[in-house]
Each structure stands twice: as C-alpha cells, then as structure tokens.
Amino acid sequence: MTASEVQRGSSTESAHTLTRSREGSATSTNAAASAASVQRRGLRRVKVLPEHARAHNRSLVLQTLFHDGAMSRADLARETGLTRVTISDLVGELIADGLVAELGTREASGPGKPAMVVDLDRVGHRIVGIDLSGPDSFLGAVLTLDGDIVARHDVAAPRGADEARDAVIELAQRLVADAHAPVLGVGVGAPGVVDNNGVILSAPNFGWTQLPLRSILEESLALPVLVANDANAAVLAEYTFGGAGDDVVLVKVGRGVGSGLVSAGQPMRGAHFAAGEIGHVTVGTDGGPQCACGKIGCLEAWLSVPALSARIAGARTPAERDQQLRDAGERLGIALAPIVGALDVAEIVLSGPDQLLAGPLAEATVETIRSRTLARFHDGVRVRMTAQGQDIVLRGAAVMVLSDRLGVS
C-alpha cells in the first residue's frame, strides 16, 4: 500500500486502463441492433517498461528489510523470489544511495564463508512528521525509519490564516534543524480536505482555502514534502505500526471528527479527496445540537471532544454520564453502519481521549453497527482503541514519507 494511491469506486490503477467504445448503427436495416447497443468497456494494455520492474523490485527489497529486519543477500533472494544476481545488483545500488548498510558477517552455522548481513540504514536517516490537528498547538517530531520519535517540538496554533501558515513553516524549519541526520522527507497531517498535490482545499478552522502547503514547505525546506488529511495519515500509522488488517476504518475524534479508510489494503481518498469526512453526516432525525457548520445533529456536534465533554460535565450521576457516552456511541454507530455494510469493513479503530471513547461509547458503537448490518457477515466487526496514542498522526506522517520515498508501508 502506498500513501499516494487513490481508490475511487471500483476502479483501481493497474497495468491496464479502462477504455470505452460505443457500437451502434443509424441505418433502418440495423435498427434492432442499434436499439440494443450499449456502452462497452475494453481493456487496453499499457506497456510495462524495464524501469518499472526495477522500481518494483527495489521497493520489494526495501519493504522486506523494513518488516523482517537484517538478513543476508541469499535470504533476501529467498524472501522476495528474485534471483541472487538481481538482489546483488539492487543491494549494491541501495548501499550506494545510502538507504541500505552492511552490518557485518553473521556466525556461520555450517561450512562455507560467513554471510554478510544487510539492513535498512535505520540510523542514517530521519523523517520529520507534523500534526496540525491539535486544538491549541501544532505538534512536530523527528522520527527514525522505524517510526520511533527522537525529538519533539510544538508551536501555538494561531487564529489567522497567514499566521497559522507561518507557524507551520517555522515548526518545520526547527524540526529539520534538529534532525542531526539526512532528512528523507517531511510528512504533514492536516485537518480538512487535501488533494493529491498537497493543496489544502478547505480547512475552515484555520481559514485555509486552496492553500498549496506542500509547495510552500518544499520551497522553504528544499526537501520532499507530503501533505494529507490527518485521519488519512492516522490510518496509515495504524495499518503499518498498529497491526490493523486490510479493511479498517479509523475514527479520529478531537476538535472535530473524521475518519480514514483502508479497503483491501489500499487507502481510500474519494472522487473529491473527501472520503472519510463523516463529521458532518446527520445522525438521526430527532434533532440534536447545532453544529458549527449550521446544520442540526451532525456527528461532530455529538462526538467532538469539546461537545461531548460539555455534555457529560452536566451529568449529575455516573449512570447519567454513561448514558451520554452511550448516546454518542450510538450516533457514531449510525454513521459507521453503512460504511461497514458497503465496504465489508472488519475493524473500527478509535483515536482520541480514552476516558471518552473507551467503555460505554465503544460498546454502544459496536452494538449499533451489528444491529444495523447483516448479522451473518458483520456480527464479528471489532471496535477498539488505537495503541498509538497522541502520536498517531506523527507516525502516520512518517509512513507517508516511507511510502513515497522508499515504497514501504
């Protein structure tokens, strides 16, 4: 899975592209055939060039080392199915590029020359991750290739659009300066709708519209930059570091509510880059609180941390508090049930404050999903909390860079 892949409807990019042709006739003798003519789809083959195969094999080697750790060239050949000659050539190239390092020989278990062990140069590079989804501050971290955080910085989140943009640039510059190793790239998780070019199409909380954040940061840092929606970044972290399966929805709850989706191992972005924007789905016909968007009863008005915290603060007893949480969980289940039914999702992961989301809320969510979907197939759907904590977007930003720069996920 790569962070740049886009899945729209049932169409996916592959070595084939869909072409369309119409068949028909305007003559009277062919009137019946014309009436029955339909739009047909054919498959047009796209030539696979040698450099495409080489790039695939290169990513396969890096992916194998990333997940399985250090091994010999012979082990790599067995694990990847590539020939020893190809592996030797690719490893030599990756060593020259500074992405793979020889770690020394391992003790021989039998006769013959001890094998040289190679691995990703995990200490030779750093990744910068930035999370813009916090209510009061922008968070940043310097990470290893394994997603471990070695340095942190943050800045207060200003209210004005220009001031917020400048604060992001300042934070990114500070992080790069603190990397103390070559930076592979910079990943940014931002609220709002973000297109494939790193343009933030809409982020109302910051007053951003059509902000080319990737271009702005690349010009400032002279480094590759990836920008994605914060929930989409978070689901990549859960998929790569959190053990999530190939069909998962991650719901991120903070100042707003959003979700990231992975289906059949592929991230879903949508026709307008707005897949997972569930915060402004109306959940129920019984009214409810007014949302900041102006509508009544949006999921975000029920479930966002400020809204839910305010409601449970007014609870007079523990039972009343639990009922408020269960009510919010039911609303979340109402929003998620159609997604589970349409995509056959096996797992829902919640990211946000444990004291709000775990327990009664999560229990009500799974009960609602099961009651509103086909029991035979969806009774086994799981709802669980992420183990990534507050760093989930930062680690997802690192996955974005690993995927783009190394083909690793």
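Before reading further, recall that the structure is shown in the block above.
What counts and what doesn't
Residues numbered from 1 in each chain as written. Predicted model: local features only at pLDDT ≥ 70, side-chain atom pairs only at ≥ 80, totals over all residues. Heavy atoms only, no water. Helix = DSSP H or I, 4+ residues; strand = E, 2+ residues; numbered from the N terminus. Buried < 20%, exposed > 50% of the residue type's maximum accessible area, 1.4 Å probe, protein only. Polar contact = N/O pair within 3.5 Å; in protein donor to acceptor, adjacent residues only side chain to side chain. Phe/Tyr/Trp six-rings, centres within 6.5 Å; stacked < 30°, edge-to-face > 60°. Salt bridge = Lys/Arg side-chain N within 4 Å of Asp/Glu carboxyl O. Pairing = 2+ DSSP bridges.

A. Focus on the side chain of Lys252. As for its position among the elements, Lys252 is in strand β14 (residues 248-253). Residue classification places Lys252 among the buried residues on the basis of a relative accessible area of 13%. Among the polar contacts made by the side chain of Lys252, one reaches the side chain of Ser133 at a distance of 3.0 Å.

B. Up close: unusual backbone geometry. Despite not being glycine, His180 shows a phi value in the positive range, around 55 degrees. You can see His180 is positioned in the loop between α5 (161-177) and β9 (183-190). The phi dihedral of Ala222 falls on the positive side, at around 60 degrees, and the residue is not glycine. One can find Ala222 in the loop between α6 (213-221) and β13 (225-229). Residue Ala222 is classed as exposed on the basis of its relative accessible area, which comes to 68%.

C. The arrangement of the packing of aromatic side chains in detail. Following the criterion strictly, the structure yields two aromatic pairs and no others. Ring centres of Phe138 and Phe206 lie 5.4 Å apart, and the angle between their planes is 85 degrees; on these two criteria the pair is classed as edge-to-face. One end of the pair, Phe138, is in strand β7 (residues 137-143); the other, Phe206, is in the loop between β11 (200-203) and β12 (208-211), with 68 residues separating them in the sequence. For Phe206, a relative accessible area of 4% corresponds to the buried category. Plain terms: the ring middles of Phe206 and Trp208 are 4.8 Å apart, the flat faces sit at 45 degrees to each other, and that makes the pair tilted. Accessibility classification places Phe206 together with Trp208 in one group, the buried group.

D. Inspection of the pattern of salt bridges at higher detail. According to the stated counting rule, one finds 20 salt bridges in the structure shown. The shortest N-O distance in the salt bridge between Asp146 and Arg122 comes to 2.5 Å. Residue Asp146 is found in the loop between β7 and β8 (149-156), and its partner Arg122 is found in the loop between β5 (116-120) and β6 (126-131); the two are separated by 24 residues along the sequence. Residue classification places Asp146 among the partly exposed positions, given a relative accessible area of 27%.

E. Examining the sheet that holds β5 more closely. Taken in spatial order, the three strands of this open sheet run β3-β5-β4, and their pairing is antiparallel. Looking at the sheet topology across the chains shown, the edges are occupied by β3 (71-72) and β4 (100-105). Strand direction decides the pairing type here: β4 and β5, joined by five bridges, are antiparallel. Looking at the pairing, Gly104 lines up with Val117 of β5.

F. Examining the sheet that holds strand β18 (residues 382-385) more closely. With mixed pairing, the five strands of this open sheet are ordered in space as β16-β15-β14-β17-β18. For this open sheet the edge positions go to β16 (266-267) and β18, each flanked by a neighbour on one side alone. With two bridges connecting them, strand β15 (residues 257-263) and β16 associate as antiparallel partners. The partner of Val262 across the bridge, within β16, is Pro267.

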